[in-house]
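Descriptive structure summary
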Amino acid sequence: MSRRDRDRAGKPAAPVTVTVCRGCCCGTQEKHPGVDHAAQFERLRAAVGSAGRVRAVKCLDACAQSNVVVVGPSGEGRAKGGRPVWLGWVLADDMVDEIAEWVHAGGPGLADPPGLLDLQLISVSRRVRDGLPD
């Protein structure tokens, strides 16, 4: 057994992590009037429940595509080749519902994004991707 396997023994696998940008552009009434950003975040958190982890960060530096959400794979999903998936223009409740549905299905590496989420996929620079916390 490798040291890495010993370190992980008895620990639960990392869950799917949903990172929601709530910084300079994302999550602001100035850029997206009429969107209740706080309610959207709480709706996502409640819909994901114990199937994953939802967190807010100040800025993901992809402001042109706000609101930005990154769905990171679980430990199992990463082992099967899943990588973080960046979604842009997440502004409607149906998008929040589809993100939660994807988390419950296993997320990147274990399940394809449901519904129309594939239309929300964005590409960001390596500099931005590498700057994501954790």
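Check the entry above for the structure.
Now for a look at the structure at hand.

Calculation rules
- Residues numbered from 1 in each chain as written.
- Predicted model: local features only at pLDDT ≥ 70, side-chain atom pairs only at ≥ 80, totals over all residues.
- Heavy atoms only, no water.
- Helix = DSSP H or I, 4+ residues; strand = E, 2+ residues; numbered from the N terminus.
- Contact = heavy atoms within 4.5 Å.
- Buried < 20%, exposed > 50% of the residue type's maximum accessible area, 1.4 Å probe, protein only.
- Pairing = 2+ DSSP bridges.
- Right-handed = clockwise from strand over helix to strand, strands pointing away.

Here we look at the side chain of threonine 17
Along the chain, threonine 17 turns up in strand β1 (residues 16-21). Leaving out residues up to four positions away in the same chain, threonine 17 has contacts with Arg53, Arg55, Val70, Val71 and Gly72.

Observations concerning the pairing of β1
Within β1, 6 of the 6 residues are buried, which leaves it mostly tucked inside the rest of the structure. Residues of β1 alternate between two faces, with Val16, Val18 and Val20 on one and Thr17, Thr19 and Cys21 on the opposite face, all of them buried. Relative to strand β2 (residues 52-57), β1 runs parallel, the two being bridged by 6 bridges. Bridge pairing links cysteine 21 to valine 57 in β2. Running through helix α2 (residues 37-48), the crossover from β1 to the neighbouring parallel element β2 is right-handed. With 4 bridges joining them, β1 and strand β3 (residues 69-72) adopt antiparallel strand pairing. Pairing of valine 20 across the sheet is with valine 69, part of β3.

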